[in-house]
Amino acid sequence: MRVLVVEDERNLADAIARGLRKRGMAVDVAYDGDSGHEMAFVTRYDVVVLDRDLPGVHGDQICAELAASGTLTRVLMLTASGTVADRVEGLQLGADDYLPKPFAFDELVARVQALGRRATPAAPPVLAVADLVLDPARRVVTRGGAPVDLTNKEFGVLAELLKARGAVVSSEELLERVWDANTDPFTTIVRVTVMTLRRKLGDPPLIETVVGAGYRTAEGLA
């Protein structure tokens, strides 16, 4: 899941980002409305965690423009004011959810995860191919009933490939969906991650390289 955190309180923004990354999400951070506005419309995020009172472009404007654009990106609006009137106004602007400060971090994570599920086409609760099973909710992968220990990035790549159901997924798409904006677009990290993932999944191979195009799972193999 790709998440953008737009929050001018740097300590809070960094804390949210760290916590979401520990849950396996790819997270970018903007500390003002101007950069947040630009990032939100350059990259397709699943969820934008958006502070309402931002310097530069106001959070209300970012929220309204995202809603008007027709994007699948979901907006979780944060604010220091938690009155009913403020919540109603935020939702009317196009926010998908509203969380007043201070908040419990576990609740923030749960809301982001719920919004993320609404930001992408519906996928089965459990993803599987052959004897490989991936449970996104429990973050568990098994093959032939035996657990497979994966890093967050390996888990993310495998999930994206399984969701494609045999269609080819390019390295660029994997880089955009699993890594954050700080990743060098010319890096070989996707290729290396797929190589490690193949090794961990064992034989027979379930991931094929399609030269010049990307990768696909066994569902797309002849």
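Residues numbered from 1 in each chain as written. Predicted model: local features only at pLDDT ≥ 70, side-chain atom pairs only at ≥ 80, totals over all residues. Heavy atoms only, no water.

Examining the sheet that holds strand 3 (residues 47-51)
No. 1: Reading across from one edge, 2-1-3-4-5 is the order of the 5 strands in this open sheet, with parallel pairing throughout. The sheet is open, and its two edges are formed by strand 2 (26-30) and strand 5 (97-100), each paired on a single side. In this sheet, neighbouring strand axes are inclined to one another by 20° on average, regardless of whether the strands run parallel or antiparallel.
No. 2: As paired strands, strand 4 (residues 74-79) and strand 5 are joined by 4 bridges and run parallel to one another. Across the sheet, the residue bridging to Met77 is Tyr98, located in strand 5. (Pairing = 2+ DSSP bridges. Helix = DSSP H or I, 4+ residues; strand = E, 2+ residues; numbered from the N terminus. Axes fitted to C-alpha atoms, helices over the stretch in contact; angles between N-to-C directions.)

Considerations on the packing of aromatic side chains
No. 1: Counted under the stated rule, the structure contains 0 aromatic pairs.
No. 2: Its end group placed over the ring of Phe155, Arg139 keeps NZ or CZ at 4.1 Å from the ring centre. (Phe/Tyr/Trp six-rings, centres within 6.5 Å; stacked < 30°, edge-to-face > 60°. Lys NZ or Arg CZ within 6 Å of the ring centre and 35° of its normal.)

Observations regarding the nonpolar core
No. 1: One finds Leu132, Leu134, Val141, Val157 and Leu158 to be the most contacted residues of the largest nonpolar core, which totals 25 residues.
No. 2: Looking at this core, the elements with two or more residues in it are strand 6 (127-129), strand 7 (132-135), helix 6 (152-163), helix 7 (171-178) and helix 8 (189-201).
No. 3: It is helix 6 that contributes the most residues to this core, 6 residues altogether.
No. 4: Excluding anything up to four places from it in sequence, Leu158 contacts Leu132, Leu134, Val141, Leu150, Leu197 and Leu201.
No. 5: Grouped together as the second largest cluster of nonpolar side chains are 18 residues, Val5, Val49, Leu78 and Val112 included. (Core = buried A, V, L, I, M, F, W, Y, C linked by side-chain atoms within 4.5 Å. Buried < 20%, exposed > 50% of the residue type's maximum accessible area, 1.4 Å probe, protein only. Contact = heavy atoms within 4.5 Å.)

Remarks on the pattern of salt bridges
No. 1: Summed over the entire model, instances satisfying the criterion amount to 17 salt bridges.
No. 2: We note a salt bridge from Glu7 to Lys101, for which the minimum N-O separation is 2.9 Å. Placement of the pair is Glu7 in the loop between strand 1 (2-6) and helix 1 (10-22) and Lys101 in the loop between strand 5 and helix 5 (105-119), with a sequence separation of 94 residues.
No. 3: Overall, the relative accessible area of 0% leaves Glu7 in the buried class. (Salt bridge = Lys/Arg side-chain N within 4 Å of Asp/Glu carboxyl O.)

So, helix 1
No. 1: In this model helix 1 runs 18 Å from its N-terminal to its C-terminal C-alpha over 13 residues, within 8% of the 18 Å that 1.5 Å per residue would give.
No. 2: By the burial criterion, the buried members of helix 1 are Ala13, Ile16, Ala17, Gly19 and Leu20. In an axial view of helix 1, the angular spread of the buried residues amounts to 165°, which keeps them on one side of the axis. Facing away from the buried surface of helix 1 by more than 90 degrees, the exposed residues are Arg10, Asn11 and Lys22. (Expected span 1.5 Å × (residues − 1). Arc of directions from axis to C-beta.)

Examining the sheet that holds strand 7
No. 1: Ordered in space as 6-7-8-9, the 4 strands form an open sheet in which the pairing is antiparallel. In the strand order of this sheet, the two ends are held by strand 6 and strand 9 (146-147), each with one partner.
No. 2: Where strand 8 (residues 140-143) meets strand 9, 2 bridges bridge the pair, whose relative direction is antiparallel. Considered in strand 9, the bridge of Thr142 is made with Pro147.
No. 3: Across the sheet, helix 6 lies against strand 6, strand 7 and strand 8, angled at about 110° from strand 7, the strand it touches most.

Some words on the domain arrangement of the protein chain
No. 1: On domain assignment, one finds that the protein chain holds domain 1 (2-119) and domain 2 (127-217).
No. 2: Measuring from the centre of the C-alpha atoms in domain 1 to the corresponding centre in domain 2 gives 27 Å.
No. 3: Opposite the 10 residues of domain 1 that make contact, domain 2 presents 9 residues.
No. 4: Where Arg177 meets Asp46, a salt bridge forms, and the shortest distance between an N and an O atom there is 2.6 Å.
No. 5: Taken together, the connections running from domain 1 to domain 2 amount to 4 residue pairs in polar contact (both at pLDDT 80 or more).
No. 6: If one sorts the elements of the side of domain 1 that touches domain 2 by residue count, strand 2 sits on top with 3 residues.
No. 7: A breakdown of the residues in the side of domain 1 that touches domain 2 according to their chemical character gives 2 nonpolar, 1 polar and 7 charged. (Domains from an automatic or database assignment. Polar contact = N/O pair within 3.5 Å; in protein donor to acceptor, adjacent residues only side chain to side chain. Nonpolar A, V, L, I, M, F, W, Y, C, P; charged D, E, K, R; others polar.)

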